[in-house]
Amino acid sequence: ELALLVEELAREHNLLRSLMDNIPDFIFFKDRQSRFIRTNRAHSRALGLSDPTQTVGKTDFDFFPAEDAKNFFHDEEQVMQSGQPLIGRVEGARLADGQLRWLSTIKMPLRGAHGHITGLVGISRDITERMRAEEKLKRYAAQLEAARDVQEKNTRELTKALDDLGIAKVRAEAASQAK
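Just so you know, these numbers come straight off a predicted model, no measurement behind them.

Definitions and cut-offs
- Residues numbered from 1 in each chain as written.
- Predicted model: local features only at pLDDT ≥ 70, side-chain atom pairs only at ≥ 80, totals over all residues.
- Heavy atoms only, no water.
- Helix = DSSP H or I, 4+ residues; strand = E, 2+ residues; numbered from the N terminus.
- Buried < 20%, exposed > 50% of the residue type's maximum accessible area, 1.4 Å probe, protein only.
- Patch = residues over 30% accessible without salt bridge, like charges linked within 9 Å, V, L, I, M, F, W, Y side chains within 5 Å.
- Areas by Shrake-Rupley, 256 points an atom, 1.4 Å probe, with all protein chains shown as cover.
- Salt bridge = Lys/Arg side-chain N within 4 Å of Asp/Glu carboxyl O.
- 1 Å grid on protein atoms, 1.4 Å probe; cavity = no way out; pocket = protein on both sides within 12 Å on 5 of 7 lines; lining within 4 Å.
- Points joined across faces, edges and corners; volume = space filled by probe spheres on them.
- pLDDT = per-residue confidence, 0-100.
- Phe/Tyr/Trp six-rings, centres within 6.5 Å; stacked < 30°, edge-to-face > 60°.
- Lys NZ or Arg CZ within 6 Å of the ring centre and 35° of its normal.
- Core = buried A, V, L, I, M, F, W, Y, C linked by side-chain atoms within 4.5 Å.
- Contact = heavy atoms within 4.5 Å.

1. Brief notes about the overall build of the protein chain
And step 1. Helix and strand counts for the protein chain come out as four helices and five strands.
And step 2. What you see in the protein chain, going N to C, is helices and strands ordered as α-β-β-α-α-β-β-β-α.
And step 3. Projected onto the principal axes, the alpha-carbon positions of the protein chain cover approximately 120 × 35 × 35 Å.
And step 4. Of all 179 residues assigned to the protein chain, the portion counted as buried reaches 27%.

2. Some thoughts on a nonpolar patch on the surface
And step 1. A cluster of nonpolar side chains, contributed by Ile-87, Ile-106, Met-108 and Ile-123, occupies part of the molecular surface with about 330 Å² of accessible area.
And step 2. Assignment of secondary structure puts Ile-87 in strand S3 (residues 86-94).

3. Section: the environment of Gly-119
And step 1. Looking at the secondary structure, you find Gly-119 in strand S5 (residues 117-126).
And step 2. Sequence separation between Gly-119 and Gln-78 is 41 residues; the distance between their C-alpha atoms is 11 Å.

4. With respect to the pattern of salt bridges
Opposite charge on two side chains makes pairing possible when the charged atoms of those side chains draw close.
And step 1. Here the structure, examined in full by the defined rule, presents 19 salt bridges.
And step 2. Note that Arg-132 and Glu-129 form a salt bridge whose closest N and O atoms lie 2.9 Å from each other. Pair noted here: Arg-132 and Glu-129 are both in helix H4 (residues 128-178), with a separation of three residues, about one helical turn.
And step 3. With a relative accessible area of 38%, Arg-132 lands in the partly exposed category.
And step 4. Its salt-bridge partner being Lys-169, residue Glu-173 comes within 3.9 Å of it at the nearest N-O pair. A residue pair is termed a helical-turn pair when its members lie 3 or 4 positions apart in one helix, as Glu-173 and Lys-169 do in helix H4 at four residues.

5. Overview of empty space enclosed by the protein
And step 1. Tallying each qualifying case throughout the model produces one cavity of 30 Å³ or more.
And step 2. As for the largest cavity, its lining consists of 16 residues, and the residues nearest its centre are Phe-28, His-43, Phe-64, Phe-72 and Ser-124.
And step 3. When contributions to the lining of the largest cavity are tallied by element, the ones reaching two or more residues are strand S1 (26-31), helix H3 (66-82) and strand S4 (100-111).

6. As for the confidence of the model for the protein chain
Fine structural detail should not be taken from predicted coordinates in areas where pLDDT scores are low.
And step 1. Averaged over all residues, the pLDDT of the protein chain equals 93, while 100% of them reach at least 70.
And step 2. Per-residue pLDDT, averaged within each element of the protein chain, yields its smallest value for H4 (91) and its largest for S1 (97).

7. Observations regarding the packing of aromatic side chains
And step 1. This model, assessed by the stated rule, comprises four aromatic pairs.
And step 2. Their ring planes at 85 degrees and their centres at 6.1 Å tell us that Phe-28 and Phe-36 sit as a pair that is edge-to-face. In terms of burial, Phe-28 and Phe-36 fall into one category: buried.
And step 3. An aromatic cluster is defined as three or more aromatic residues linked by ring pairs; in this entry it consists of Phe-28, Phe-36 and Phe-63.
And step 4. Between Lys-30 and the ring centre of Phe-36, over which it is positioned, the NZ or CZ distance is 4.5 Å.

8. A closer look at the nonpolar core
And step 1. Counting 17 residues, the largest nonpolar core has Phe-26, Leu-47, Phe-63, Phe-64, Ala-93 and Leu-95 as its most contacted members.
And step 2. Of all the elements in the fold, those that place two or more residues in this core are S1, helix H2 (41-46), H3 and S5.
And step 3. The element that contributes the greatest number of residues to this core is H3, accounting for three residues.
And step 4. Once residues lying within four places of it in the same chain are set aside, the contact partners of Leu-95 are Phe-26, Ala-46, Phe-64 and Arg-101.

This is the structure:
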C-alpha cells in the first residue's frame, strides 16, 4: 500500500512539473516576505534566468525597476493581509529583454494546514499583443471620429453654399424680371 502511495505521489509530482515547465504563463509561488520559493520555466526565462531555481529566495526587487517591484510588493501585501485574491490586474513590467510587457495577473493567498496564509501563488499572462491591438483600434477609432467630424463640417459648409447659391439664384431671377 505504501508503494502505491509513493507511486501516486510521484505521478502527481510529474504532472505538476510537466504543467509548470510547459505552460507559457508565468507561474510563481512566494512566501510571506514575497520571496520566490518556486517559479516555472517561462517566468524564469522572462526574468533572464536559465533555471527556475535561480529565483529562490529572491524578490521582485532583484529583477524589476524599484517602482515596478514596489507596486508588485504592495499588491502581494494586500493579498496576504486580506486573504482576498487579486484577479485580472493589468500591469506593465520591464522584463529581462528590456521591453515593456503588459501582464494580466492573478495573485491568490496560499494557506497552510490550519488555514493561516503562508504566502501566495501568482499567474501572469503576457497580454502585450492584445494591448497593442487595442491601442491600434483606439487610434483607428480616433482617426475615424476625426474624419467624421471633417465630413460633417464639409457637409454643413456645402449645405450653406447651396443655400447661398439658391438665394443668389432667386435674387438673380428677381433682378432679371425687374429689368
